[in-house]
Structure formats: structure tokens, C-alpha cells
Amino acid sequence: MDRLGAMLNEGDSLADEAAATLSTLSPRLREELICRMTAGDRPPSAPEAVARFFAHVHYVPFWVDDERCDRGGATLLRTGLFGGFVLAFRSLVMGYCSPAGNKPLTFSGRLKTAAPRRLSETSRFVEAVCLPGGMRPGAPGFASTVRVRLMHAQVRRLLSGSPQWNAQAWGVPINQLDMAGTVLLFSLVVVDGLRRLGVQLSPDETEDLMHLWRYNGYVMGVREELLSATENEARPLWELITSTQAPPDEDSVALTEALIQSPRLQAHTPEDVFRAEQAIQLGYGVSRYLIGDEAADALGYPPSAWRFVGPLLRVLLSGTSQLMRRVPGVDMLALNAGMTYWRRAVSLGLGGNDATFEMPQNLSV
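Values in this document were obtained by computation on a predicted structure and should not be read as measured data. (Residues numbered from 1 in each chain as written. Predicted model: local features only at pLDDT ≥ 70, side-chain atom pairs only at ≥ 80, totals over all residues. Heavy atoms only, no water.)

### A few points about the pattern of salt bridges
And step 1. One pass over the structure, following the stated rule, counts 27 salt bridges.
And step 2. Residues Arg42 and Glu48 are paired through a salt bridge, measuring 3.9 Å at the closest nitrogen-oxygen approach.
And step 3. One salt bridge connects Arg195 with Asp192, and the closest N-O pair in it is separated by 3.8 Å. Here the residue Arg195 and the residue Asp192 both occupy positions in helix α13 (residues 188-196), the gap between them amounting to three residues, near one helical turn.
And step 4. Residue classification places Arg195 among the partly exposed positions, given a relative accessible area of 30%.
And step 5. Among the ionic contacts, a cluster of salt bridges with common partners joins Arg3, Glu10, Arg223 and Glu225. (Salt bridge = Lys/Arg side-chain N within 4 Å of Asp/Glu carboxyl O. Helix = DSSP H or I, 4+ residues; strand = E, 2+ residues; numbered from the N terminus. Buried < 20%, exposed > 50% of the residue type's maximum accessible area, 1.4 Å probe, protein only.)

### Some details on the packing of aromatic side chains
The geometry of an aromatic ring pair is captured by two quantities: the separation of the ring centres and the angle between the planes.
And step 1. Applying the stated criterion across every chain yields a total of twelve aromatic pairs.
And step 2. Consider the rings of Phe125 and Phe357, whose centres lie 6.4 Å apart with planes at 80°: the pair is edge-to-face. Of this pair, Phe125 sits in helix α9 (residues 115-130) while Phe357 is found in the segment after α20 (330-349), placing the two residues 232 residues apart along the sequence.
And step 3. Ring centres 4.9 Å apart and planes at 65° place the aromatic pair Trp165 and Trp170 in the edge-to-face group.
And step 4. Among the residues examined, Trp165 registers a relative accessible area of 10% and is labelled buried.
And step 5. Judged by relative accessible area, which is 18%, Trp170 ranks as buried.
And step 6. Pairwise contacts between aromatic rings join Phe125, Phe186, Trp213 and Phe357 into one cluster.
And step 7. The residue whose ring lies beneath Arg196 is Tyr289, and the NZ or CZ to ring-centre distance is 4.3 Å.
And step 8. Above the plane of the ring of Trp63 lies Arg214, whose end atom (NZ or CZ) is 3.7 Å from the centre. (Phe/Tyr/Trp six-rings, centres within 6.5 Å; stacked < 30°, edge-to-face > 60°. Lys NZ or Arg CZ within 6 Å of the ring centre and 35° of its normal.)

### Overview of the packing of helix α2 (residues 13-22) against helix α4 (residues 48-58)
And step 1. Look at α2 against α4: their axes get within 8 Å of each other, and the N-to-C directions meet at 140°. What the angle tells us is that α2 and α4 run oblique. For α2 against α4, the interelement crossing comes out left-handed. Facing α2, whose interface residues are Leu14, Ala15, Glu17, Ala18, Thr21 and Leu22, α4 presents Ala49, Val50, Arg52, Phe53 and His56.
And step 2. Classifying every residue of the contact of α2 with α4 by side-chain character gives seven nonpolar, two polar and two charged. (Axes fitted to C-alpha atoms, helices over the stretch in contact; angles between N-to-C directions. Parallel < 35°, antiparallel > 145°, perpendicular 65-115°, else oblique. Left-handed = near helix turned anticlockwise from the far one by under 90°. Contact = heavy atoms within 4.5 Å. Nonpolar A, V, L, I, M, F, W, Y, C, P; charged D, E, K, R; others polar.)

### Digging into helix α10 (residues 140-160)
And step 1. Its 21 residues give α10 an end-to-end C-alpha distance of 30 Å, which sits within 8% of 30 Å, the value for a rise of 1.5 Å per residue.
And step 2. In terms of burial, α10 is a largely internal element, 16 of the 21 residues being buried. (Expected span 1.5 Å × (residues − 1).)

### Structural notes on the environment of Asp12
And step 1. In this structure, Asp12 sits in the loop between α1 (2-6) and α2.
And step 2. On a C-alpha basis, the gap between Asp12 and Asp293 in space is 35 Å, while along the polypeptide they are 281 residues apart.
And step 3. If near-sequence neighbours (up to four positions away) are discounted, Asp12 is found in contact with Arg149, Arg156, Met179, Met220 and Gly221.

Shape descriptors only; they carry no functional weight alone.
Structure (C-alpha cells):
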């Protein structure tokens, strides 16, 4: 616990130094340099801090297994809509529950003012990481991870220089403990959420998914001792992290409301409003089931007629999962259908554009 506590004051020095240097360049030169170096091309004129950073992200640890990464990504992608439910209504919400960890989002206003797009950007990030070959150096998932790491470093620099940032209470912005927790939100917490919905995962599928996000965490700049190789390693780390957190605060409530009530922002006709209200009630009901009554009550979830949807899905998906394991070829059909869902959902959420994960030049603080 003492060792973990010290990591609240530890950031990501390689990325911080690279972001500071990149911030001195024009937007065009910065983008050109990031694109070239993400693809593995190091221009002779690349600043030393940037070169050191990219040397680290392109170094592939000996334990990385590309085939396991691909299988781990397929495990999540084939769950389709239900994986999307878990990501939005369990993983992201549980991340918001951390009063210290949610402060960078709160200060930047990224999710309060543009919740639909930010949710779609997160979904695009997860999809890119999980696609076959997504985490190969230079591939879309790898490139997105590098860009998110630089974006985090820039946010950390801007917030650390703000007089409103309470380092004594919150530690360093986007610190090592928060980063390790985020990796677990995309791995262990997703696994638990899928199981709660009735999706049956084999031990190999679970470990492959853990392996993918272990490597993603390495590229993201998380200390290797915080990167769990197995579910059994991840669980005590997650319990340590959550046991030291204070209860959800007002920012937790505001961020969660912005997420679940985001369909209302896209409703323009009476029919749209009706569908949005139904989607919101569904969101509250499914999320309550996925995070539990204690967390849902702390976040101020209203009563929802959809609260029984979760148990019903569990019964239906449990039977479907058993069928999929008995019928040859069904896994591949589910993977194709799941990939189609993620592609369409992300495209609709981003309005046909792509997520850029740009380094911000200022924050609304």
C-alpha cells in the first residue's frame, strides 16, 4: 500500500518531456513528426526528447505475443453490443467513481460538454486496439495509444501548472496509479462485466484479453510492475486501488449523468426525444445492474423500470454462450457481427470522422 501510494505522485517522464518539446512546434510540424515516428521513421532532425519517447514505445518487450493479443481483441469484439454496454455503463462509470482520478476530466470539461463524442472516441480507441494486428507498431491501435499517451502528458503539464490543481489531495494529474487503474478498467473490469451479463469466457479467452491490455499499458507508459499478466494478478491490484478511494463525489455524479443522459443531446424531434428517454432509462437500469446498488445509489441513479433488463440479459446470454461453444463456426460469425457493430457505432458517434486524440493547447480551468 505504501508503494502504491507513492505512485500517486509519479507521472510519465518520457511522455512529459516529449510533450513539452512537441508543444514548441507548429501544429503542422508536430503532426508530421508524430505520424512519421509512430510509423517507425525517425527523422535525423527529431528532437532528442521525442526520439527517446518513441524509442520506448517501439521497443516490444520479450513477453509480448502478437497472436495472443489478436485473440484477446477478438474476445471483446465478438461481444458486440454487450461489450459496448459493459464499456460504457460499467468501465467508464467505475472510472468516474474515483474522486481524484476523475479530476482531469472535470477540469478539462471533456465529458461534461461533449459526452457523446468522447464516448465514441473511447470506443474508437478500444476498437482500434482490439482489431487484428491493432497493437503492432505503426498499426491504428498502437498509433492511438501513443497519441493518447501524449495527450495525457500534455493534460498533466497544463493541470500541474494550474493554481486550481490540488496536488496534495489528488496527486499528480493522470498519475501511475490512475493509469494502472485505467488499464484494469479495460481488462479485468470488462471481464467481470461480461460475466455478469452472462457471457461465458474461457480461461484462455480471459488471459488473452488480459495480455492485450498488459501490452497496451506498456505502450501507454504504465510501470511494468503495475501491469498484470493474469486475472489472478490483476484482482488484488484492483482491490487495493479501489479500497483506497473515497466515495464518489459531485464530479462523479456530473460525469456519469453526462454519459448516460447524452442521448438527449442528439434528440431533435418528438420521436427522437421519446427514444432518447427510453435509452436513458435503459442506461440507468443496465448500469445499476453492472456496477451494483451501492455505487448506483452513491451516484444518485433514479428508479428505472429497466432495472430487470440486466438479469434477463444474463439468462439469455448465458444460454447463447453455451450454444456458441457447441456449434462450429459460430464464434467467427459472432466476431464478424461484433466488428460490424463496433465499426458502425463508432462511425455514427463520430459523424463519419475519426478520433484524433490531439494534444490540447489549453484547458478550461
